[in-house]
Amino acid sequence: MKAVQVHEFGTTDVLKIIELPDPVPAAGEALIHVHAAGVSPLDTYVREQSHGAPTPALPYIPGFEASGEIAAIGEGVTKFKVGDRVYVNTFLGAYSELIVHDATSVYPLPDTVSFAQGAAVVNSYPTAYYALFNLAHAKAGERVFVHGASGAVGTAAVQLARAAGMTVVGTAGSDRGLELVQQEGAHYALNHRSTNYLQKALELTEGKGYDVILEMNATKKLAEDVGLVGTFGRIIIIGGTDAPVTFDPTPILWKGASVIGLYIGLTTPEESAQIHSALYSQLQNNNLRPIVGQEFALADVVKAHEAVHQASSAGKIVLTF
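Now for a description of the structure that goes with this document. Keep in mind that this is a model prediction, so the values were computed, not measured. (Residues numbered from 1 in each chain as written. Predicted model: local features only at pLDDT ≥ 70, side-chain atom pairs only at ≥ 80, totals over all residues. Heavy atoms only, no water.)

1. Things to note about the nonpolar core
For step 1, the next point in the chain: Core analysis: the largest hydrophobic core is formed by 46 residues, its most contacted members being L132, V146, L214, I236 and I238.
For step 2, the next point in the chain: Mapped onto this core, the elements with two or more residues apiece are α2 (115-121), α3 (124-135), β8 (143-147), α4 (152-163), β9 (167-172), α5 (175-183), β11 (210-215) and α9 (269-284).
For step 3, the next point in the chain: For L132, the residues in contact, after removing those within four places along its chain, are H137, A138, V144, A157, L160, A161, M166, V212 and L214.
For step 4, the next point in the chain: In this structure, V39, F64, V106 and L298 belong to the second largest nonpolar core, which totals 35 residues. (Core = buried A, V, L, I, M, F, W, Y, C linked by side-chain atoms within 4.5 Å. Buried < 20%, exposed > 50% of the residue type's maximum accessible area, 1.4 Å probe, protein only. Helix = DSSP H or I, 4+ residues; strand = E, 2+ residues; numbered from the N terminus. Contact = heavy atoms within 4.5 Å.)

Here is the structure:
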């Protein structure tokens, strides 16, 4: 099988395509023929050893997000059969034509969703769902502000919040991103590069602030969120923790607001099962529409890693096999 392998940490030059033996599933495992793998900022952080990313043993195969078909099953697996469409969150290894994984944490992919879209589901949608419903306990009628809504997690959050009956305001930094945010269901889209966007955001709530704020870049925007959050509001930090943040906590105190960090790895097996079951239903009925921003062939993995850092990117970057 073909796979991308990293033998030393560093720039994109360390991404090499090699041939490896096909893996064989053990008892309780499924062998997945990968058709698409997600490319995320975390992939680049691991390769660069930046942003506090985990340090895998070398050599390693990058990638945490894969979708494809069941190619074989190990002894005792009854959840799937050969040919079933699935997606999986794997700790590394997704940039490979074949992967083996514990079948209990492999999830079915509806026929209505392409494999490229499936790769966009893997982390982005569970993260957005966990932020909105498990951590923020958001409910219909509440005001939700998605700070950085044009990316993979952002568009997932906009779709989920709108489907749940919330009033959604999303931000982006480009015309394309703003168009996407509104296309995916936000009631209002604001350019977070504009000097007066915070004033506009607050005006949309008649000065009351937001019940829930999802923050994708806490390093740059958390201080601004403090001024936007409403009484008993919840700020969920999803990303952007590469430098210390300074802000006045007084508004948090007087509003009874909360700042909550999100690490999807803290979900229990029961929470994960509930989240993925809910996502399957909404994907199947087209309430959720995973956005694929760009697709790259495996041979263009370097270009994919470069694209994921472009500020104008909208939707998920994926490798297709």
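2. Structural notes on helix α7 (residues 218-228)
For step 1, the next point in the chain: Those residues of α7 lying buried are A218, K221, L222, D225, V226 and L228. Seen along its axis, α7 keeps its buried residues to an arc of 160 degrees; they face one direction. (Arc of directions from axis to C-beta.)

3. What to know about the packing of α3 against α9
For step 1, the next point in the chain: Their axes nearest at 10 Å, the elements α3 and α9 cross at an angle of 110 degrees. By the angle between their axes, α3 is roughly perpendicular relative to α9. Residue-level inspection shows Y125, P126, Y129, Y130 and N134 of α3 in contact with α9, the latter providing E271, Q274, I275, H276, A278 and L279. (Axes fitted to C-alpha atoms, helices over the stretch in contact; angles between N-to-C directions. Parallel < 35°, antiparallel > 145°, perpendicular 65-115°, else oblique.)

4. Remarks on the environment of K208
For step 1, the next point in the chain: Considering the arrangement of structural elements, one finds K208 in the loop between α6 (197-203) and β11.
For step 2, the next point in the chain: Dropping the residues within four chain positions of it, K208 is found in contact with R143, G230 and T231.

5. Focus on the environment of Q274
For step 1, the next point in the chain: The topology assignment puts Q274 in helix α9.
For step 2, the next point in the chain: In sequence terms Q274 and H137 are 137 residues apart; their C-alpha atoms lie 15 Å from each other.

6. Observations concerning the sheet that holds β8
For step 1, the next point in the chain: Reading across from one edge, β10-β9-β8-β11-β12-β13 is the order of the 6 strands in this open sheet, with parallel pairing throughout. A single partner strand is all that each edge strand has here, and the edge strands are β10 (188-191) and β13 (258-261). Strand-to-strand twist of the sheet, defined as the mean angle between neighbouring strand axes without regard to direction, takes the value 20 degrees.
For step 2, the next point in the chain: Two elements, β9 and β10, share 4 bridges in a ladder whose sense is parallel. The residue of β10 that forms the bridge with G170 is A189.
For step 3, the next point in the chain: Running at roughly 150 degrees to β11, α3 makes contact with β8, β11, β12 (229-237) and β13 of the sheet.
For step 4, the next point in the chain: Most of the contacts of α7 go to β12, to which it runs at about 165 degrees, and overall it touches β8, β11, β12 and β13. (Pairing = 2+ DSSP bridges.)

7. Quick notes on the pattern of salt bridges
Side chains that differ in sign of charge can pair as their charged atoms come close.
For step 1, the next point in the chain: Scanning the entire structure with this criterion turns up 8 salt bridges.
For step 2, the next point in the chain: For E142, the salt bridge identified is with R234, shortest N-O distance 2.9 Å. In this pair, E142 sits in the loop between α3 and β8 while R234 sits in strand β12, placing the two residues 92 residues apart along the sequence.
For step 3, the next point in the chain: Of the charged contacts, one joins E184 and R289 as a salt bridge, the two residues approaching to 3.2 Å between their closest N and O atoms. Highlighted residues: E184 in the loop between α5 and β10 and R289 in the loop between α9 and β14 (292-297), separated in sequence by 105 residues.
For step 4, the next point in the chain: Since its relative accessible area comes to 32%, R289 is described here as partly exposed.
For step 5, the next point in the chain: When salt bridges with common partners are traced through the structure, they connect K139, E142 and R234 into a single cluster. (Salt bridge = Lys/Arg side-chain N within 4 Å of Asp/Glu carboxyl O.)

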